[in-house]
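# Coordinate analysis (summary)
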Amino acid sequence: MSLFLELFAAIDWADIGTATVETLTMVGGSLVFTIIFGLPLGIVLFLTGPRQLLAHKQVYSFLSLLVNLLRSMPFVILLILMIPVTVALVGTSIGVVGAIPPLVVGATPFFARLVENVLREVDRGIIEASQAMGATLRQIVFGAVLPEAFPGLLAATTVTAIALVSYAAMSGVIGGGGLGDLAIRFGYQRFQTEVMFVTVAILLILVQLLQMFGDRLVHRFTRS
Amino acid sequence: MIDIEGVSKHYVVDGNPIPAISDINLRIEPGEVFGIIGASGAGKSTLIRTLNLLERPDAGRILVDGSDITAFSKEELLAYRRTTGMIFQHFNLLGAKTVGDNVRFPLKLTGKYTEAEMDARVDELLDLVELKDHRDKYPAQLSGGQKQRVGIARALANHPKLLLCDEATSALDPQTTQAILRLLRDINQRFGLTIVLITHEMDVIRAVCDRVAVLDKGRVAEHGLVTDVLLHPKHPVTRAMVRESSHHEESADLASTLGLSGLLLRVTFLGEITYQPVLERIAVKLGVSFSILEGVIGRIKDTPYGQLTVQVMGSAEDVERVEAAFAEQSIHCEVLGS
């Protein structure tokens, strides 16, 4: 027991607290922008896909390629490639603010693809019925497809939020702030293994909580 | 009401054009219940979908009250669809919306009503389909029959003149099917609504339709009054369907099975005369006797009908006199051979 306490005595819990808040800010902030950009992109991918309402081979192939390109790029590489863009956008490439643009660029194609798949799962009969009732494209998407897909979209958001937790930790490599930054600076560079252990434990708890919260929301909005 | 003129539609499967319907010509009268029957793959689903342009025909015109819907602008088409109801085999209700909101959906689409007007109309419609107590439930909590009632309420929301039914009872059990068909007949009579339905079940045609078209391989094999088509089918496909639905053997087969040598007649009664002792009267009057080999007595929509295969015991002259006696009462009588 005393050994256990000793092990953690050297940890600066205030630092851990700050880093946790930073991580939450990065995840939360980038999740908002990921949804803002990824949801419309996912909807367009869905609508222009084969045999869909706005089926358009060229547009779909182009967007699909773009999404695959970004998704196939290792996140660490994206972080580095994005540095000039990030500086131009938010004035810095480090800290919490500097981490958000690469996180958004990394997560948006991932989320968009999830959205596309969720929307494709919506029963075609529902789209057909809406068309038969004289719904416009906008009414079909916002009045029928998105409400029907809502639980699936919540699940996709949960998966994306969890992916963002691990991306955010990775951004510590280029000085992104948060728990990842702490783990690298103390746990790796200063050989304080216990800090690494605590950050990983906090990340685990964070992921677990996000998943539970997400599952609960999905359950709440599922009508079957 | 609807004139279907030379309508064709094909699909491309693996680069090859596959015709779904070819040169369909039909006229659907206002206020009637028009049935389209055919085996799966006969093209009936494609045909009914051309009536609200869920499928756009490759060729031909569809005139509804004189205007060609295939030439409609986008806005005209939306307006037309809003006053054309459609119900589906798998109901296609919005699972995330309550029963009330499902019925409200088509009202909302028009953007013409206030919240209070929509509330009142939803109540009225749910009352009509006897689902008032289920307003706040979700479709997943309802039985198949109840879901189809919601579908019907939703289809009627914008006071349509035309209701399209796409295999509306095929996913339902027999009792529920009867109840839904009664409801369709009721709304047809009450609102003078024209109904076009497709089905693969002859019983559905028999129960609700005034006229029927039989579809085979994308073409109209025959069409006409249900009483004519069902009692005197001309096309082999129709004959097969009628026979199957009534579980009858072909009468020629019957004769050979029974080893009968006498004269076989098929007598068809239509209307109130079905319930009168016609055979007995003729037997007494002419001194012949009949042996009934097979037969059915029932109703086609509201019309009583009977169709009997009888063997006439008597001479050749007797048979002629029997035929004359039937003719005298305008009863259809067909000699099946001896």
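Residue and element names in this part refer to chain B. Read from one edge of the open sheet, four strands run β2-β1-β4-β5, paired in antiparallel fashion. Only two strands of the sheet have a single partner each, and these edge strands are β2 (16-28) and β5 (67-68). Pairing analysis gives two bridges linking strand β4 (residues 59-64) to β5, with the strands arranged antiparallel. Across the sheet, the residue bridging to Leu-63 is Asp-68, located in β5.

Here we take up the interface of chain B and chain A. Tallying the contact residues gives 21 residues for chain B and 19 residues for chain A. Of the roughly 1700 Å² buried between chain B and chain A, counting both surfaces, carbon and sulfur atoms make up 59%. Looking only at chain B, the three residues that lose the most surface to chain A are Asn-92, Phe-105 and Leu-109 of chain B, adding up to 26% of its buried area. Linking chain B with chain A are one salt bridge, by the criterion used here. Across the pair Arg-49 of chain B and Glu-128 of chain A runs a salt bridge whose closest N-O atoms are separated by 2.6 Å.

One pass over the structure, following the stated rule, counts two cavities of 30 Å³ or more. By volume, the largest cavity amounts to about 100 Å³. Taken together, 15 residues make up the lining of the largest cavity; nearest its centre are Met-133 of chain A together with Thr-84, Gly-85, Arg-154 and Ala-155 of chain B. Sorting the residues of the lining of the largest cavity by element identifies α7 (124-132) of chain A together with α2 (74-82), β6 (84-88) and α5 (144-156) of chain B as the ones contributing at least two each. For the lining of the largest cavity, the element with the most residues is β6 of chain B, which contributes three residues. Split into classes, the residues belonging to the lining of the largest cavity amount to eight nonpolar, four polar and three charged.

Okay, unusual backbone geometry next. If a residue is not glycine, its phi is most likely negative; likewise, a peptide bond is most likely trans. Residue and element names in this part refer to chain B. Positive phi is not limited to glycine here, since Leu-53 has a value of about 60°. For Leu-53, the position within the fold is in the loop between α1 (44-50) and β4. You can call Leu-53 buried: its relative accessible area is 6%. The phi torsion at Asp-65 lies on the positive side, around 50°, for a residue other than glycine. Within the element layout of this structure, Asp-65 appears in the loop between β4 and β5.

About the criteria used
- Residues numbered from 1 in each chain as written.
- Chains lettered and ligands numbered in written order.
- Predicted model: local features only at pLDDT ≥ 70, side-chain atom pairs only at ≥ 80, totals over all residues.
- Heavy atoms only, no water.
- Pairing = 2+ DSSP bridges.
- Helix = DSSP H or I, 4+ residues; strand = E, 2+ residues; numbered from the N terminus.
- Contact = heavy atoms within 4.5 Å.
- Buried area = accessible area lost by both parts, 1.4 Å probe.
- Salt bridge = Lys/Arg side-chain N within 4 Å of Asp/Glu carboxyl O.
- 1 Å grid on protein atoms, 1.4 Å probe; cavity = no way out; pocket = protein on both sides within 12 Å on 5 of 7 lines; lining within 4 Å.
- Points joined across faces, edges and corners; volume = space filled by probe spheres on them.
- Nonpolar A, V, L, I, M, F, W, Y, C, P; charged D, E, K, R; others polar.
- Buried < 20%, exposed > 50% of the residue type's maximum accessible area, 1.4 Å probe, protein only.

None of the figures reported here should be taken as evidence of function without further support.
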